[in-house]
Amino acid sequence: MPFNSKLAVQWTKAGYEPGMGSACVASPPPSDFIRVYHLTTADFAISDLSLGRLKISRFSDSNDPFELMAFSFDDGNRRQALRKFKDEYDRHTGLLCFSADWTSPVLWSHYGARHRGICLGFDVPRNAVLKVQYTDQRLREQARKINDMSNIDDALRDLLICTKFRHWEYEKEFRVEVPLNKAMAEGKYHFCPFNENLQLAEVILGPLCDLSINAARKLVRSMFPTAITYQARLAIKSFHIVPKESTVP
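The sections below set out a description of the structure shown in this document. Counting of residues starts from 1 at the beginning of each chain's written sequence and follows it residue by residue. Only residues with pLDDT of 70 or above have their local features reported here, since the model is predicted, and side-chain atom pairs are shown and tallied only from 80 upward, although totals for entire chains, interfaces and linings are computed over all residues. To obtain the side-chain values, all non-hydrogen atoms of the structure were used and water was disregarded.

**Structural notes on the sheet that holds strand E9 (residues 184-186)**
To keep things clear, this is the line we draw: A strand pair is defined by DSSP finding two or more bridges across the two strands. The way it works is that DSSP assigns letters per residue, a run of H or I at least four long becomes a helix, a run of E at least two long becomes a strand, and they are numbered from the N terminus. Axis angles are defined between N-to-C directions and span 0 to 180 degrees, where every axis is a line fitted to C-alpha atoms and, for a helix, only to the segment in contact.
Spatial ordering of the open sheet is given by E2-E10-E9, a layout of three strands whose pairing is antiparallel. Pairing within the sheet leaves two strands with one partner each, and these edge strands are strand E2 (53-55) and E9. Strand-to-strand twist in this sheet, taken as the mean axis angle between neighbours without regard to direction, amounts to 35°. As judged from the three bridges shared by E9 and strand E10 (residues 189-193), these two strands associate in the antiparallel manner. In the sheet register, Glu186 faces E10, and the bridge partner there is Tyr189.

**Structural notes on the nonpolar core**
Considering soluble globular proteins, one finds that nonpolar side chains tend to be buried as a cluster. Note the following rule: Residues enter a nonpolar core if they are buried and are Ala, Val, Leu, Ile, Met, Phe, Trp, Tyr or Cys, with the set joined through side-chain atoms within 4.5 Å. For the exposure calls, accessible area comes from a 1.4 Å probe over protein chains only, and a residue counts as buried if that area is under 20% of its type's maximum, exposed if over 50%, partly exposed in between. Contacts were defined at the residue level, with two residues in contact if any of their heavy atoms lie within 4.5 Å.
Among the nonpolar cores identified, the biggest contains 50 residues, and Leu96, Trp102, Phe122, Leu198 and Leu200 are the most heavily contacted of them. Counting residues per element, this core draws most heavily on strand E4 (residues 118-125), which supplies five residues. Each residue touching Leu198, except ones within four places of it in the same chain, is listed here: Leu54, Leu96, Phe98, Phe122, Asp123, Val124, Cys192 and Pro193. Counting residues in each nonpolar core, the second largest holds 21 residues, with Phe59, Met69, Leu130 and Leu159 among its members.

**Focus on unusual backbone geometry**
A positive phi angle, close to 60°, is found at Leu68, a residue other than glycine. Here Leu68 is to be found in the loop between E2 and helix H3 (76-92). One non-glycine residue, His115, adopts positive backbone phi at about 75°. Inspection of the secondary structure assignment puts His115 in the loop between helix H4 (105-111) and E4.

**Some points on the packing of helix H2 (residues 42-51) against helix H6 (residues 213-223)**
Note the threshold: By definition in this entry, angles of less than 35 degrees are roughly parallel, angles greater than 145 are roughly antiparallel, angles of 65 to 115 are roughly perpendicular, and the rest are oblique. For a crossing to be left-handed, the near helix must be turned anticlockwise from the far one by less than a right angle; the clockwise case is right-handed. We call Asp, Glu, Lys and Arg charged. Ala, Val, Leu, Ile, Met, Phe, Trp, Tyr, Cys and Pro are nonpolar, and the rest, Gly among them, are polar.
Their axes nearest at 9 Å, the elements H2 and H6 cross at an angle of 25°. Comparing the axis directions of H2 and H6 gives the class roughly parallel. Where H2 crosses over H6, the handedness of that crossing is left-handed. Residue-level inspection shows Ile46, Leu49 and Ser50 of H2 in contact with H6, the latter providing Leu219, Val220 and Met223. Looking at the contact of H2 with H6 residue by residue, the class counts come to five nonpolar, one polar and no charged.

See below:
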């Protein structure tokens, strides 16, 4: 799609990286919100849209076994305390997981059903999100500040929650912590309703998604009239996923 320089400037001034996929189709959210993206299968996305809710992820179900295990302790007792902290934290807290952009083909391959899925773009309060940091080594110096895993301060806890191995860096992940006792429970799963702190802004069908764009747009408009719906395609001159011009409202 033709590069929209005016929109691109707006996104850049708002603190987003150049080349944002959404910069071709929409204005950025207000400064106290941030646009983030959640990729999933088409079936799950349609369920999310129809029910107006997003499934909460659990640390214990993560595809990264090092979640909440970023500290490097020298002795076995402290390592055991770290594992106990992870188990206990998982029992009462979950996550909403997002990406900073949706243009990575690897994201679509891993989380968007091999490009057959759907990306949901949300506006969430900036003060609610935690930005994941990526590192080559587990955190040794920070771990030395901790004597008791049951009583670590908020800064070290957030560091633990948001530190991952550098090979995950392609995700450009943002996280929102959700206390499970404040979530919607359904069997063993928990959900967060779309609301003023989780505002649906975009629905992006993957390049290989076979869902009708008109059907998707009709559903979205009936439930979330301010959100826009369009499809993505493979870029012609780069290894990126970009908006498909003919589907952009």
